[in-house]
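Understanding the architecture of this molecule
Single-letter residue listing:
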Amino acid sequence: DGGITQSPKYLFRKEGQNVTLSCEQNLNHDAMYWYRQDPGQGLRLIYYSQIVNDFQKGDIAEGYSVSREKKESFPLTVTSAQKNPTAFYLCASSVLGIQYFGAGTRLSVL
Amino acid sequence: KQEVTQIPAALSVPEGENLVLNCSFTDSAIYNLQWFRQDPGKGLTSLLLIQSSQREQTSGRLNASLDKSSGRSTLYIAASQPGDSATYLCAVRLGNFNKFYFGSGTKLNVKP
């Protein structure tokens, strides 16, 4: 069953804590993306990766970090430097110009 | 930078109506345009993809059109049903870059 798996579905962060959101895909896609969605707004690009061991900052990368050590995995770390992390986070992959999305992780601050 | 706008932000219609959702973009050098559906608290589901060389695409009751020169796309939904209630987003891929730009969506409510 091919697709993109994001975990956890819900995540809570304490003040000063780093948290990591998982994104795994078995679609064999080279390109992967992380987006942030706030209520009533569109998706804003945090980071993207075109290939293993390479990634680029998107429009709102400050306070976030990523790694791409394996083709199928693209984890996102929300660091303590991100002062307003409460949002819905979506991971996607793409091939031939078409994007495919995971089910999302909702991050809240305790 | 590519700006993508969707109007209206919200739409409420009675069941059975035909309706049109609008998407506009500022840079016409797009590679393709994709329409998505998002249910509350869920990820995005792809509905239709239009390549830059195409004028429209159809899938069931959905028809999407593309006018690159005017920077517009429309999503037409025929005979709307309560199950169509969701937020609809459009996204454009700019030129040969593997980046996508999203509108803020139209929240559709179809009343029984």
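Presented here is a report on the structure given in the accompanying data block.

Criteria and thresholds
- Residues numbered from 1 in each chain as written.
- Chains lettered and ligands numbered in written order.
- Predicted model: local features only at pLDDT ≥ 70, side-chain atom pairs only at ≥ 80, totals over all residues.
- Heavy atoms only, no water.
- Contact = heavy atoms within 4.5 Å.
- Buried area = accessible area lost by both parts, 1.4 Å probe.
- Salt bridge = Lys/Arg side-chain N within 4 Å of Asp/Glu carboxyl O.
- Polar contact = N/O pair within 3.5 Å; in protein donor to acceptor, adjacent residues only side chain to side chain.
- Helix = DSSP H or I, 4+ residues; strand = E, 2+ residues; numbered from the N terminus.
- Pairing = 2+ DSSP bridges.
- Axes fitted to C-alpha atoms, helices over the stretch in contact; angles between N-to-C directions.
- Buried < 20%, exposed > 50% of the residue type's maximum accessible area, 1.4 Å probe, protein only.
- Disulfide = S-S within 2.5 Å.

Focus on the interface of chain A and chain B
At the interface, 24 residues of chain A touch 19 residues of chain B. Of the roughly 1600 Å² buried where chain A meets chain B, counting both sides, 53% is carbon and sulfur surface. The interface formed by chain A and chain B includes 0 salt bridges. Our count for the chain A to chain B interface comes out at 3 residue pairs in polar contact (both at pLDDT 80 or more).

Observations concerning unusual backbone geometry
Residue Pro8(A) is reached from Ser7(A) by a cis peptide bond, and omega for that bond is -5°. For Pro8(A), the position within the fold is in the loop between strand 1 (4-7) and strand 2 (10-13). Cis rather than trans, the peptide bond between Ile7(B) and Pro8(B) has omega equal to 0°. Within the fold, Pro8(B) resides in the loop between strand 1 (4-7) and strand 2 (10-14). The backbone phi angle of Asn53(A) is positive, close to 65°, even though this residue is not glycine.

With respect to the sheet that holds strand 1 of chain A
All names here are of chain A. With antiparallel pairing, 4 strands are arranged side by side in an open sheet as 1-3-8-7. Two strands lie at the open edges of the sheet, namely strand 1 and strand 7 (64-66), each paired on one side alone. Ignoring which end each strand starts from, the neighbouring axes of this sheet average 20° apart.

Some thoughts on the side chain of Ser49(A)
Residue and element names in this part refer to chain A. For Ser-49, the location among the structural elements is in strand 5 (residues 43-51). Judged by relative accessible area, which is 1%, Ser-49 ranks as buried. Here Ile-51 takes part through its backbone oxygen, which lies 3.0 Å from a polar atom of the side chain of Ser-49. Side chain to side chain, Ser-49 and Arg-68 meet in a polar contact 2.8 Å long. Look past the residues within four positions of Ser-49 in its chain and what remains in contact with it is Asp-30, Ala-31, Met-32, Asp-54, Phe-55, Arg-68 and Phe-74.

Side note on the pairing of strand 1 of chain A
All names here are of chain A. Side chains of strand 1 alternate between two faces, with Ile-4 and Gln-6 buried and Thr-5 and Ser-7 left unburied. Bridge analysis of strand 1 against strand 3 (residues 19-25) gives 4 bridges, and the strand direction is antiparallel. Within the sheet, the bridge partner assigned to Ile-4 lies in strand 3 and is Gln-25.

With respect to the sheet that holds strand 3 (residues 19-25) of chain B
Residue and element names in this part refer to chain B. In spatial order, the strands read 1-3-8-7-6; together these 5 strands make up an open sheet with antiparallel pairing. Here the strands that pair on one side only, and so sit at the sheet edges, are strand 1 and strand 6 (56-59). In this sheet, adjacent strand axes meet at a mean angle of 15° when their direction is disregarded. Bridging between strand 1 and strand 3 involves 4 bridges; their strand directions are antiparallel. Residue pairing in the sheet places Val-4 in a bridge with Phe-25 of strand 3.

With respect to the side chain of Gln6(B)
Residue and element names in this part refer to chain B. Note that Gln-6 resides in strand 1. Judged by its relative accessible area of 5%, Gln-6 is buried. Of the polar contacts made by the side chain of Gln-6, one reaches the backbone oxygen of Tyr-88; its length is 3.0 Å. Not counting the four nearest positions on each side in its chain, Gln-6 is found in contact with Asn-22, Cys-23, Trp-35, Tyr-88, Leu-89, Cys-90, Gly-103, Ser-104, Gly-105 and Thr-106.

Some words on the state of the cysteines
Residue and element names in this part refer to chain A. Taken as a whole and judged by the stated rule, the model has 2 disulfides over all chains. Between the sulfur atoms of Cys-23 and its disulfide mate Cys-91 the distance is 1.8 Å. Here Cys-23 and Cys-91 share a disulfide; its torsion about the S-S bond, -70°, makes the bridge left-handed. Note that Cys-23 is positioned in strand 3 and Cys-91 in strand 9 (residues 87-95), a separation of 68 residues in sequence.

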